[in-house]
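# Reading the structure
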Amino acid sequence: MSNQTADNGSGQKRIYVTRTGLPLSFHLEWPFRKSTSGADFFFLHGDIRLENSAGLHAPVAVNLSATVREVMLSLEPKDAENPVINALRKEVDHRQLEFVKSGKLVPVQFSSRHYDFKRNKWMFGKASDEEIASLLERKVYWQTRLVGGTIWVEDPAEALYVESPPDHLLDVAKKLAAEGLIKLEGEWATANPSLMERAAKFEADMRTALEELEKKHAFERG
């Protein structure tokens, strides 16, 4: 069993941001394993960590349905990691997961609701150029703030998440570069001081998103 953190290809932790502005990292215990309960599904344990927090995380068990298993090229990380990360990210977007300092494993259905069988493609919600720009700004900020290094603009996981080709993400990033927010070298970005000076906004976005998520779970607990 391999407990791997999604990285940028150089062994460096990679930060993913939700559409509401929460910076996350994903720790997935590969490989997928077949259920021994008699049910026809595979599962993968993982942990979603809310970065820039006091150790908040969400332990999960990703349950892969037989229907979606049929459309997967393989259950290896090279084919499964990006859709798994985005399925989990959408659960956070929809406030289905709660971040706590400890907690029980939460089952997450990795099912056909994330896949369009008519068009044979993953569906995580088409983003506008404005939403893509916001996502990239936050991603570059949080990756720089928490880890450092360069950020891969054409990350296929991000392209899948916003349902746009990787080269379109680069086109949007070029506009951010023209505004002086980031520096681009090919498909790799680094933050300019003008972007990092927006720290108060990005961190306020994170606090607001976390407060809304916590409010929803507090209401459900009564």
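Residues numbered from 1 in each chain as written. Predicted model: local features only at pLDDT ≥ 70, side-chain atom pairs only at ≥ 80, totals over all residues. Heavy atoms only, no water.

### Considerations on the sheet that holds strand β11 (residues 188–191)
Strand order in this open sheet of three strands is β9-β11-β10, and the pairing throughout is antiparallel. The sheet is open, and its two borders are formed by β9 (151–152) and β10 (182–185), each paired with just one other strand. (Pairing = 2+ DSSP bridges. Helix = DSSP H or I, 4+ residues; strand = E, 2+ residues; numbered from the N terminus.)

### Overview of the packing of helix α3 (residues 129–146) against helix α7 (residues 199–221)
α7 packs onto α3 with a crossing angle of 100° between their chain directions and a minimal axis gap of 11 Å. In terms of orientation, α3 and α7 fall into the roughly perpendicular class. On α7, the residues that touch E137, R138, Y141, W142 and R145 of α3 are A199, F202, E203, D205 and M206. (Axes fitted to C-alpha atoms, helices over the stretch in contact; angles between N-to-C directions. Parallel < 35°, antiparallel > 145°, perpendicular 65-115°, else oblique. Contact = heavy atoms within 4.5 Å.)

### Focus on unusual backbone geometry
Of the consecutive residues W30 and P31, the connecting peptide bond is found in the cis state with omega at 5°. Position of P31 among the secondary structure elements: in strand β3 (residues 23–34). A positive phi is found at N120, a non-glycine position, where the angle reads about 50°. In this fold, N120 is placed in the loop between β7 (115–116) and β8 (121–122). Among the residues examined, N120 registers a relative accessible area of 56% and is labelled exposed. (Buried < 20%, exposed > 50% of the residue type's maximum accessible area, 1.4 Å probe, protein only.)

### Things to note about the side chain of N82
Within the element layout of this structure, N82 appears in helix α2 (residues 77–93). Residue N82 is classed as buried on the basis of its relative accessible area, which comes to 18%. Dropping the residues within four chain positions of it, N82 is found in contact with P156, A157 and L160.

### Re the nonpolar core
Formed by 61 residues in total, the largest nonpolar core has its most connected members in L22, F32, I48, L88, F99 and F110. In terms of residues, this core owes the most to one element, α3, which gives seven residues. The contacts of L22, once residues within four sequence positions are left out, are Y16, V17, L50, V92, M206, A209, L210 and L213. (Core = buried A, V, L, I, M, F, W, Y, C linked by side-chain atoms within 4.5 Å.)

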